[in-house]
Amino acid sequence: MTARKSGSRLETEIERCRSEGQWDKIPELVRQLSAKLISNDDLGELLLAEAKLQQYLKENPIKQGASPRGPRPRLQEVRKHLTAALDRGNLKPEYMQEASLIMAKLCYVEGDYREALNQYSRVNLDEMQLVGAPVYRLSMIAEAYATKGLCLEKVPMASPSLSNRNADRDQEIITCYEKSGDIALLYLQEVEKALSVGIQNRSPKPGPVTQEQELGYFLETGLQRAHVIHFKNGNLTRGVGRFREILRAVETRTTQNLRMTIARQLAEILLRGMCEQSYWNPLEDPPHHSPLDDPLRHTPHTKDYALSRRPRIYSGENLFCPQENTEEALLLLLISESMANRDAVLSRIPEHNNDRIISLQSASLVYDLLTIALGRRGQYEMLSECLERAMKFAFEEFHLWFQLALSLMAAGKSARAVKVLKECIRLKPDDPTIPLLAVKLCIGNLHWLEEGERFAKIVIDMGEKAAEFRAKGCLAIGLVYSLRATDASLRGMQEEYQKKALSAFQRAQSLSPTDHLAVFYLALQLAVSRQIPEALGYVRQALQLQGDDVHSLHLLALLLSAQKHYHDALNIIEMALSEYPENFILLFTKVKLETLCRGPEEALLSCKRMLQIWKSCYNLTNPSDSGRGSSLLDRAVADRRQLNAMTLPDFSDPETGSLHATSIAASRVEQALSEVASSLQSSAPKQGPLHPWMTLAQIWLHAAEVYIGMGKAAEATACTQEAANLFPMSHNVLFMKGQVAELRGNVDEAKRWYEEALSISPTHVKTMQRLGLILHQLQRYSLAEKILRDAVQVNSTAHDVWNSLGEVLQAQGNDTAATECFLTALELEASCPILPFTIIPRAL
């Protein structure tokens, strides 16, 4: 009795070691078992054979794609043990099956694939019980199916010409691998369950916490080979289905790396190989006919086998299920990203170097696919947040830093993007494209002109190393100087920067004669400097290089208007609008030209069309829609449908289009004040980005200006109020209110509005000019002169300011100075465009 109990305990311990792969303990346990139970000598032979084979494979692992090479001395020992056990025939039937499976595995390792298949033919794998089977036997059965599949792949068919038999053979191989994978998942789940129970039972005793299970070559083949064959055969539907089956199985620690790899591979297929029309969600049956599959190699999408016991899958109520391919890909990638971050190897110790490289490569693949998935949806904010989490991997890794910089740029986080680009420049100092990107950001919304100049000089200083980008570097520094000329408060500094800008643009043009941008910006700078004939020559040259460039066409129209050829300018604008019908800067210029050429009524029709275009471009609810019948919107566009969101250029002064430092500061102040005022007036905030609302406000202000020109104060007031409902503290709105007050003859009210506008934007030239004239009417000549002289300092080419200054000086009796001002005004007016040349954006 004691011997039986002792043998039972030993058998339980042996079974546990076999389940957990602790093969080094088996020989000692077999020795104890043989001493206790003499009749089990054959079982001992079986166990020793298995242990020695597994130890050999652990020390000499089979590599993917490599073929085994014949018998070896240690394997002969394994065969000796197995032959002894099988020949005597004393084993129980289930142990006889196990011995045959181990023998078949040995034959595969030795390279005898036909003999391995003969061994499997003696054991009906499909009849081996999974229900109630010991955990280690699940592993044996899973490995057996995988090994059989490998042997079938390696042994040629007797009649390879029969296509039907080929198809049956392929299906048999796939079935072997799929069964192997399913049983392998079940085995790993059972091992983890047994380990957790064992740890709980042994918790008072000291010992190892968890035995980390290894997959091994055969189990890994069973889990990975089926979908490879599906994809190789052009059957993406079954391949995707197999991926999903593996991912739905309850996770174990052993399969974590495999799951991350499969999740990434499936995400890649969903993003690159599947369109929305061919997608089916994971809980549906796959389509019988799918455009994903090769039509010449059609195979059924249903499984042709059933297992008595399957791995557990995640289940429950209200589980999230993706409804389209990008959604599923994103879910898979976010799971993979979480796993990559959790298992990141960050140690810089030399012995961890390989693990760290593998960890980095795995994470980089996930982040590259996330870039594709989120980029398709325009979710750059989320992408930048994901890439920020990748920074733990990013020490001295240029790719991840650069991806983060690009995502920050796309998300509109320009200041942070510039800081990240600085690190990219440090990591790759010879790449001229990186400082050029930094310049692009600096001369855009940030308006960091000194920083932009430094980045542009980096490109220029590279010399021959950046030969093909030197022209871009000169173009960049020319734009910086051009913008600094606009910012300069002293005329001498303006002229100095204008000369530098012209020189840089000329250098860019000489380095790249076929680049239309270099010629265009040279023309624009000449136009700003009022060298109109020269500018016309260069803009025509730019149009020869790029005939449909919108900014070149716009500049040509403004140059023609500067020469007072208004009808020709209007024709050019209408031609440009035929190509770019939703370009609001062109439309604003058209309104100005139509007022002169065709009368204000035609200009008002263009304003109505602009409102219709705005409504068709955006999907936003207009908080300024008050329902009053007097507004232009009510009369022009009665349809109040939702509007559709779209990105527009940054809002700039509707008159000057300038984006210099003072106008940027003013726009930020008025935005904050407008938000406060709006929150006090209305509970309905503006939806979406600010650019569309700013564009709508400009449309109203242009309409108001047309009505002021017609002398219609009531209509001008209504239009101005619509703009004020959007941005009540905008200096442009306040200026227009002053214009309306002047039209009504309310000089004191106009003065108050102009003063409020200047308190927000102290350098708004139009406001300064109108306030100067009002002070002139009020006979406050000294203050009027000071304001007008300040306006001349801000914009020395504004002829109406020079004229107003002349009037003030004349009223003070300073006729000589007044005459000079009048002559300057006449000279400037002769080359004055319908709108300032700086309304055209200057960007790299």
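Residues numbered from 1 in each chain as written. Predicted model: local features only at pLDDT ≥ 70, side-chain atom pairs only at ≥ 80, totals over all residues. Heavy atoms only, no water.

1. A short note on the overall build of the protein chain
Argument step 1. Of regular secondary structure, the protein chain possesses 36 helices and 0 strands.
Argument step 2. Out of the 844 residues belonging to the protein chain, those deemed buried represent 52%.
Argument step 3. For the protein chain, the accessible surface area stands at approximately 39,400 Å², while carbon and sulfur atoms represent 52% of it. (Helix = DSSP H or I, 4+ residues; strand = E, 2+ residues; numbered from the N terminus. Buried < 20%, exposed > 50% of the residue type's maximum accessible area, 1.4 Å probe, protein only. Areas by Shrake-Rupley, 256 points an atom, 1.4 Å probe, with all protein chains shown as cover.)

2. Structural notes on the pattern of salt bridges
Argument step 1. Using the criterion set out here, one finds 42 salt bridges in the structure.
Argument step 2. Measuring nitrogen to oxygen at the nearest pair gives 2.5 Å for the salt bridge that ties Glu143 to Lys105. With Glu143 in helix H7 (residues 135–154) and Lys105 in helix H5 (residues 93–110), this residue pair connects regions lying 38 residues apart in the sequence. Like Lys105, Glu143 is buried. (Salt bridge = Lys/Arg side-chain N within 4 Å of Asp/Glu carboxyl O.)

3. As for the nonpolar core
Argument step 1. Core analysis: the biggest nonpolar cluster contains 229 residues, and Leu82, Tyr367, Leu555, Leu559, Phe584 and Phe837 have the highest contact counts within it.
Argument step 2. Filtering out sequence-adjacent residues up to four positions away, Leu82 remains in contact with Leu46, Ala49, Ala99, Ile102, Met103 and Leu106.
Argument step 3. Within the second largest apolar cluster, 30 residues are counted, among which are Ala741, Val765, Leu775 and Leu788. (Core = buried A, V, L, I, M, F, W, Y, C linked by side-chain atoms within 4.5 Å. Contact = heavy atoms within 4.5 Å.)

4. Observations concerning the packing of helix H31 (residues 731–744) against helix H32 (residues 747–760)
Argument step 1. One can describe the packing of H31 onto H32 by two numbers: an axis separation of 8 Å at closest approach and a directional angle of 165°. One way to sum up the angle between H31 and H32 is to call them roughly antiparallel. For the pair H31 and H32, the crossing hand works out as left-handed. Of H32, the residues touching H31 (which contributes His731, Leu734, Phe735, Lys737, Gly738, Gln739, Ala741 and Glu742) are Glu749, Ala750, Trp753, Tyr754, Glu756, Ala757 and Ile760.
Argument step 2. When grouped by side-chain class, the residues that make up the contact of H31 with H32 number 8 nonpolar, 3 polar and 4 charged. (Axes fitted to C-alpha atoms, helices over the stretch in contact; angles between N-to-C directions. Parallel < 35°, antiparallel > 145°, perpendicular 65-115°, else oblique. Left-handed = near helix turned anticlockwise from the far one by under 90°. Nonpolar A, V, L, I, M, F, W, Y, C, P; charged D, E, K, R; others polar.)

5. Comments concerning helix H25 (residues 584–597)
Argument step 1. Its 14 residues give H25 an end-to-end C-alpha distance of 20 Å, which sits within 8% of 20 Å, the value for a rise of 1.5 Å per residue.
Argument step 2. Counting buried residues in H25 gives 11 out of 14 residues, a clear majority hidden from the surface.
Argument step 3. Among the residues of H25, those classed as buried are Phe584, Leu586, Leu587, Phe588, Thr589, Lys590, Val591, Lys592, Leu593, Glu594 and Cys597.
Argument step 4. Elements in contact with the buried residues of H25: helix H23 (550–562), helix H24 (566–579), helix H26 (600–617) and helix H29 (690–710).
Argument step 5. At the N-terminal boundary of H25, the capping side chain belongs to Asn583, with an oxygen 3.1 Å from the backbone nitrogen of Ile585.
Argument step 6. Phi for Gly599, located one or two positions after H25, is positive at around 100°. (Expected span 1.5 Å × (residues − 1). Polar contact = N/O pair within 3.5 Å; in protein donor to acceptor, adjacent residues only side chain to side chain.)

6. Considering the side chain of Ser606
Argument step 1. Here Ser606 lies in helix H26.
Argument step 2. Not counting the four nearest positions on each side in its chain, Ser606 is found in contact with Lys590, Val591 and Glu594.

7. Description of the confidence of the model for the protein chain
Argument step 1. When pLDDT is averaged along the protein chain, the result is 82, and 84% of the positions lie at 70 or above.
Argument step 2. Confidence, expressed as mean pLDDT per element, reaches its minimum in the protein chain at helix H27 (residues 632–636) with 35 and its maximum at H23 with 94.
Argument step 3. Overall, residues 1–6 carries pLDDT values under 50, and its contacts beyond four positions in sequence, including any with other chains, amount to 2 contacts. (pLDDT = per-residue confidence, 0-100.)

8. Examining the environment of Ile613
Argument step 1. As for its placement among the helices and strands, Ile613 is situated in helix H26.
Argument step 2. Taking C-alpha positions, Ile613 is 8.6 Å from Pro581, a pair spaced 32 residues apart along the chain.
Argument step 3. Ignoring anything within four residues of it in the chain, the contact list for Ile613 reads Pro581, Glu582, Phe584 and Leu587.

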